[in-house]
Amino acid sequence: MAHVLNVEGLTVQFTGESGRVTVVDHVDLQVGKGEALGIVGESGCGKSVTSLSIMRLLAKNGTIADGRVELDGQNLVGLNEKELRKIRGNRMAMIFQEPMTSLNPVLTIGKQITEVLVLHRGLKRSEAKETVLELLRQVGIPRGDEICREYPHQLSGGMRQRIMIAIAIACKPQLLIADEPTTALDVTIQAQILDLLSTLRNELGMSLILITHDLGVVAEMCDRVMVMYAGEVIESADVRTLLRNPKHPYTIGLIRSTPQKSRGLDRLYTIPGSVPAPGEQPTGCRFAPRCDKAMTVCLEKNPESIRIEEGHHCKCWLYGGD
Ligand code: SF4
Ligand code: MG
């Protein structure tokens, strides 16, 4: 499969009060054309920073210290802001957990979508109306005329997320990155938004990176999944393999702590302890302080990622390595 996105050795550092810390550490990932990759892990594992680095939208104190981010063979690391602006919104787009932060509160919805079409697709303002309404229909808003006159704060969270998706797909991007797109929404609305993303992915042949802490969502939406812990990829496989045959103790813990309809909530497992802060990772395996399988070697040396089977990799001393 041809890769739309190829990330190699991505390493991201942030400068804070205590100096420079590594938040994403040599992450490799590939996304094929039309493929959906899920990135899972608890908060603070580097999922969002990974995706913001791909978009080259890191905060000012963050830098890509090493690695490549290739979109269709073009390395985005090293491009200047002007070059990046042509790529963002056109060839790749991103939606976030809280759409309010990306929408302009003082512009009507109609004006905001129009601006995107003028800027990225070169449409004249006077010609954009039909396209705006068509985009709104595509994201499940039939009465677009009314919505166009509204301001973001007048809409529900679910509706705002639909608007963000409309803006994101306005230029038919090859790649859409969705960072916890439904976390802030009610359960029924969550399902509708996820359905919408799946439908659009199929209709537009888009690749999707879905960032979530919810393995249930990944199971329904994604082809492949990558588990991140403390800035590293600790396991990756196709979704079925990972759910049926998880290898890394962290992945096993995540699966056990995912609510399932058949299980009572009262028996839900939680992984003891918490993710180490960047700069405070233990030597050796970063999960060792929380792992009930930890051995002496785990405390001394960080394991390499090894191949379990075709397309399934895991970074854990239980499965060998030297
Ligand atoms: Fe646990 Fe050791 Fe595997 Fe780390 S390397 S997850 S500590 S068994
Ligand atoms: Mg996040």
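It should be emphasised that the depicted structure is a prediction, and the values quoted were computed from it without experimental measurement.

Peer 1: Before we go on, may I ask you to explain the overall build of the chain in this structure?
Peer 2: In terms of regular secondary structure, the chain is built from eleven helices and twelve strands. Whereas a compact globule of 322 residues would reach a radius of gyration of roughly 20 Å, the chain reaches 21 Å, a difference of no more than 12%. Counting only contacts in the chain whose residues sit at least 6 apart along the sequence, the fraction spanning at least 24 positions is 62%.

Peer 1: Just checking my understanding: could you explain the sheet that holds strand E6 (residues 92-95) for this structure?
Peer 2: The eight strands lie next to each other as E6-E7-E8-E3-E9-E10-E12-E11, forming an open sheet whose pairing is mixed. Looking at strand neighbours, the two that pair on one side only are E6 and strand E11 (306-309), the edges of this open sheet. Across this sheet, the average inter-strand angle for adjacent strands is 20 degrees, counted without regard to direction.

Peer 1: When you look at the pairing of E6 in this model, what are you seeing that I'm missing?
Peer 2: The side chains of a regular strand alternate between both faces of the sheet. Residues of E6 alternate between two faces, with Met92 and Met94 on one and Ala93 and Ile95 on the opposite face, all of them buried. Across four bridges, E6 lies against strand E7 (residues 175-179) in parallel orientation. When the sheet's bridge partners are listed, Met94 is paired in E7 with Ile177.

Thresholds applied
Residues numbered from 1 in each chain as written. Chains lettered and ligands numbered in written order. Predicted model: local features only at pLDDT ≥ 70, side-chain atom pairs only at ≥ 80, totals over all residues. Helix = DSSP H or I, 4+ residues; strand = E, 2+ residues; numbered from the N terminus. Rg over C-alpha atoms; globule rule 2.2 N^0.38 Å. Contact = placed C-beta atoms within 7 Å. Pairing = 2+ DSSP bridges. Axes fitted to C-alpha atoms, helices over the stretch in contact; angles between N-to-C directions. Buried ≥ 20, exposed ≤ 12 C-beta atoms within 10 Å, placed from the backbone.

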